[in-house]
Every structure is written in C-alpha cells, then in structure tokens.
Amino acid sequence: MSLLRLFYQNNPTIVEYNNLIGYHFHLVVQAHTILIKMIKISNMSKYYGDYPAVLDVSFSIEKGETVGLLGPNGAGKSTTMKVMTGYTPPTNGKVTVGGYDIVDKSFEARKQIGYLPENVPLYLDMTVKEYLHFMASIRGMKEGISKRADEVIDITGLETYRDVIIGKLSKGYRQRTGIAQSIIHKPKILIMDEPTIGIDPVQVVETRKLIQSLGGEHTLILSSHILPEVTTICKRVLVIHDGKIVADDTPNNLSNRLQSTQVCEVSITENNDVNFINLLRGQDYVVDVRSKFDNNNEHKSYIIETSSNIGAEEKIAKLIVDNNIGLHKLNSLPLTLEEIFLQLTSE
C-alpha cells in the first residue's frame with residue numbers, strides 16, 4: 001500500500017475536504033462553460049474604404065444553437081461570415097469565437113470553427129479518404145487521423161465512396177465530402193455557406209437531414225438564400241439588411257410579430273342549406289376567404305384571412321356551430337419565411 005493512500009485512510013477529514021473542493025471546482029468550471037457564448041459580436045462594423053458593409057452589428061450565439069443567417073445580396077451577410085471565420089478583421093467592435101478574440105487570438109479562435117464555403121475547395125485528384133487525411137493534417141491533427149476519417153465518412157454517408165477519386169463524384173457527394181472536412185477536427189462551431197446550392201432535389205433532402213443531425217453536437221450557423229431550408233434546419237433567424245440586423249428571433253415569433261392580418265385554415269362538413277363562403281364574407285372581421293383543394297371528399301377546406309388581434313378563431317368556430325355546420329379542423333397559419341423576409345427587407 002502506498003504511503004499516500006495510507007495517509008488518506010488515516011485522515012478521512014482531509015479526504016472529505018478534498019472531495020468537497022473538487023465538487024465546487026467542478027461546479028465553477030461547469031458554470032463557466034455554460035456562460036461562454038460560442039460566438040459573440042459586439043458593435044461590430046466593417047468598412048471597405050469609405051463603404052460600410054456592416055454597421056454596428058451585435059448578437060451572440062449559444063452552444064448548440066442552429067442559426068440561419070439571411071440577407072439579400074449586398075446586405076452584409078457574407079462580410080459578417082468572413083469576420084466570424086477570421087478571414088477579415090472587423091474595422092470596429094469586438095468578435096469572440098469559442099471565448100477567443102478573433103483578432104488578438106485568431107489562431108485559437110479559428111481552431112474552434114469548421115467551415116463549408118459555398119464553393120468547396122476540393123482536390124479532385126485525391127480519393128475521399130486521402131483528402132480527409134490531408135485536411136486533418138493541415139488542421140494540426142497528429143494522432144487518430146485514420147480513425148477520425150473513418151468516423152466522418154460514416155457520419156456523412158460516404159462509406160461506398162471512401163476510395164473513389166473526388167473528381168468522379170456527383171455534386172451531392174462532393175458536397176458531403178466538403179461537410180466531412182468541416183467536421184474532421186471536431187470543431188465546436190460549424191459555419192456553412194449555401195450548403196445545398198447546385199445539387200439535385202434528392203441530394204438536397206439528404207444533405208439537409210445530415211446538417212440537421214450535426215446541429216445538436218455543434219453550434220451551427222447556416223447562410224442560405226433558400227428560405228424553406230432555413231425553416232427546416234434553424235431554430236433562430238438573423239436577418240441582415242443594409243449592413244444592420246433587422247430581425248433576430250424564431251421563425252414563428254417573427255411571423256406573429258409581423259402579421260397584420262390573421263390567417264387560418266378551416267375544414268368543415270358542409271350544410272347544403274348554407275353558402276359558407278357568403279356567410280363568412282358577410283362578417284365585418286373577415287378580409288378574404290377562398291377554397292382550398294383537398295382530396296378528402298368528406299370535408300371541404302377554406303383559407304380565411306381576418307383582421308388581426310380580434311379572436312377570429314373563436315368567432316369563426318361559433319359561427320360554424322350556430323349554423324349547424326360540422327367543424328372538423330380549425331387552426332391558424334403563420335407567415336411563411338418568404339413573407340417575413342420580404343417584409344423585413346423591402347424599402
């Protein structure tokens with residue numbers, strides 16, 4: 001028995017004290033980890049000469065968040081991503097990535113990031129596995145490269161293509177190879193620029209599922225002009241327009257905030273003695289009503305637009321019941337992300 005172990009056995013109070021200190025130290029470290037923002041941008045501006053590409057932008061992204069970055073061409077979206085990845089420094093303000101200042105500790109900050117650019121810089125004469133080994137080595141990985149390469153090949157569904165020359169892959173599988181290189185070094189943050197652009201519809205669906213699966217393990221920032229893609233993948237949306245953040249919320253909250261009228265869908269069993277459309281149009285709170293095609297022969301569906309904030313659903317439900325019409329379904333419809341985007345970025 002070692003002298004150290006004998007000492008602790010004869011001094012149980014010291015053991016309890018050390019355990020207590022260790023427990024509190026664990027709590028302090030855990031709390032510190034929780035409080036660190038994975039990305040924090042404070043009053044950041046970026047000028048190209050006298051032109052302000054981004055003006056006084058501030059936002060933060062927590063660990064594990066999936067955030068969509070939206071903006072029309074020239075809005076400042078690409079510039080913001082370039083600053084976040086350390087490609088270009090901010091003119092003013094402060095940017096931290098994984099707790100590291102992107103200017104003062106740029107190398108440490110960039111270690112935290114996996115980046116998928118819009119045009120992935122692949123070496124077409126390498127096989128998938130050779131390319132991943134190469135990317136791991138220039139990322140500074142010294143050990144476990146083969147094991148990690150096999151892991152990301154499995155994650156991205158490239159098992160069949162591990163020994164195939166990249167130049168012979170389809171656009172969709174090249175994109176998967178790009179995603180594989182972005183996670184080879186186990187980054188805490190993934191930044192993806194237009195990840196499904198130019199690939200066929202089947203590959204789009206599969207790539208979106210892959211990106212969704214990565215969202216829980218990594219903090220994910222996704223830039224896309226395909227608005228349904230952002231709705232599918234992201235829980236939070238940042239909209240940039242004229243170099244400024246004009247919205248920062250969930251898609252549902254943005255919809256509720258911007259909706260000047262309320263839209264709902266109703267499905268009914270019609271009463272032949274009542275013209276449902278005329279009945280609705282006779283109500284002063286109804287703005288518009290139209291039929292919706294439905295394959296269900298038992299029920300007929302309608303889209304109803306009403307004045308906002310007047311409790312329309314309750315009034316419509318009462319109107320249906322009072323006129324002996326069978327109510328099958330009644331639910332509100334939020335604005336689509338396309339409608340939100342147009343409202344926020346229109347002049």
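Residues numbered from 1 in each chain as written. Predicted model: local features only at pLDDT ≥ 70, side-chain atom pairs only at ≥ 80, totals over all residues. Heavy atoms only, no water.

## A look at the pattern of salt bridges
Argument step 1. Going through the model one piece at a time under the given rule, you end up with 13 salt bridges.
Argument step 2. Linked through salt bridges whose partners overlap, the residues forming this network are Glu 65, Arg 236 and Asp 248. (Salt bridge = Lys/Arg side-chain N within 4 Å of Asp/Glu carboxyl O.)

## Digging into the pairing of strand 4 (residues 92-97)
Argument step 1. Where strand 1 (residues 39-48) meets strand 4, five bridges bridge the pair, whose relative direction is antiparallel. The residue bridging Ser 42 from the neighbouring strand is Lys 94, located in strand 4.
Argument step 2. Across two bridges, strand 4 lies against strand 5 (residues 100-101) in antiparallel orientation. In the strand pairing of strand 5, Thr 96 is matched with Asp 101.
Argument step 3. Adjacent in sequence and paired antiparallel, strand 4 and strand 5 are bridged by two residues, among which Gly 98 carries a positive phi angle near 60°. (Pairing = 2+ DSSP bridges. Helix = DSSP H or I, 4+ residues; strand = E, 2+ residues; numbered from the N terminus.)

## Here we look at the sheet that holds strand 8 (residues 219-223)
Argument step 1. Strand order across the open sheet formed by six strands is 6-7-8-3-9-10, with mixed pairing between neighbours. The sheet terminates laterally at strand 6 (113-116) and strand 10 (244-249), the two strands that pair on one side only. On average, each strand axis in the sheet is tilted by 15° relative to the strand beside it, whichever way the strands run.
Argument step 2. Relative to strand 8, strand 7 (residues 189-193) runs parallel, the two being bridged by five bridges. When the sheet's bridge partners are listed, Asp 193 is paired in strand 8 with Ser 223.
Argument step 3. With respect to the sheet, helix 7 (residues 171-183) is in contact with strand 6 and strand 7, its orientation differing from that of strand 6 by roughly 165°. (Axes fitted to C-alpha atoms, helices over the stretch in contact; angles between N-to-C directions. Contact = heavy atoms within 4.5 Å.)

## Comments concerning helix 3 (residues 77-84)
Argument step 1. Among the eight residues of helix 3, six are classified as buried, and the element is accordingly described as predominantly covered.
Argument step 2. Among the residues of helix 3, those classed as buried are Lys 77, Thr 79, Thr 80, Met 81, Val 83 and Met 84.
Argument step 3. Gly 86, located one to two residues past helix 3, shows a positive phi value of around 80°. (Buried < 20%, exposed > 50% of the residue type's maximum accessible area, 1.4 Å probe, protein only.)

## Looking at the packing of helix 7 against helix 8 (residues 201-215)
In a packed pair of helices, the relevant descriptors are the angle between the two axes and the axis-to-axis distance.
Argument step 1. Across the interface, helix 7 lies against helix 8 with an axial gap of 10 Å and an inter-helix angle of 10°. Taken together, the axes of helix 7 and helix 8 are roughly parallel relative to one another. On helix 8, the residues touching Gly 172, Tyr 173, Arg 176, Ile 179 and Ile 183 of helix 7 are Gln 203, Glu 206, Thr 207, Leu 210, Ile 211 and Leu 214.
Argument step 2. Looking at the contact of helix 7 with helix 8, its residues break down into six nonpolar, three polar and two charged. (Parallel < 35°, antiparallel > 145°, perpendicular 65-115°, else oblique. Nonpolar A, V, L, I, M, F, W, Y, C, P; charged D, E, K, R; others polar.)

## Structural notes on helix 12 (residues 312-322)
Given 3.6 residues per turn, any residue in an α-helix points the same way as the ones three and four places further on.
Argument step 1. For helix 12, the full list of buried residues reads Ala 312, Ile 316, Leu 319 and Ile 320. Buried residues of helix 12, viewed axially, fall in a sector of 100°; they line one side. In helix 12, the exposed positions angled more than 90 degrees off the buried face are occupied by Glu 314, Lys 318 and Val 321.
Argument step 2. Of the surrounding elements, those touching the buried residues of helix 12 are strand 11 (261-269), helix 11 (276-281), strand 13 (300-307) and strand 14 (326-333).
Argument step 3. Asn 324 sits one or two residues past helix 12 and shows a positive phi near 55°. (Arc of directions from axis to C-beta.)

## A closer look at the sheet that holds strand 13
Argument step 1. Ordered in space as 12-13-11-14, the four strands form an open sheet in which the pairing is antiparallel. The open sheet has two edge strands, strand 12 (286-292) and strand 14, and neither has a second partner. Averaged over all pairs of adjacent strands, the angle between strand axes in this sheet comes to 20°, irrespective of strand direction.
Argument step 2. Here strand 12 pairs with strand 13 via six bridges, running antiparallel. For Lys 292, the partnering residue across the bridge sits in strand 13 and is Ser 301.
Argument step 3. With respect to the sheet, helix 12 is in contact with strand 11, strand 13 and strand 14, its orientation differing from that of strand 14 by roughly 165°.

## Details of the side chain of His 299
Argument step 1. The topology assignment puts His 299 in the loop between strand 12 and strand 13.
Argument step 2. With a relative accessible area of 13%, His 299 lands in the buried category.
Argument step 3. The residues contacting His 299, other than those within four sequence positions of it, are Ser 267, Ile 268, Thr 269 and His 328.

## Here's the deal with the packing of aromatic side chains
Argument step 1. Scanning all chains against the criterion turns up four aromatic pairs.
Argument step 2. Geometrically, the ring pair formed by Tyr 123 and Phe 134 is edge-to-face, given 5.5 Å between the ring centres and 85° between the ring planes. You can see Tyr 123 sitting in the loop between strand 6 and helix 5 (128-138) and its partner Phe 134 sitting in helix 5, a full 11 residues away along the chain.
Argument step 3. Accessibility expressed as a relative area gives 40% for Tyr 123, which makes it partly exposed. (Phe/Tyr/Trp six-rings, centres within 6.5 Å; stacked < 30°, edge-to-face > 60°.)

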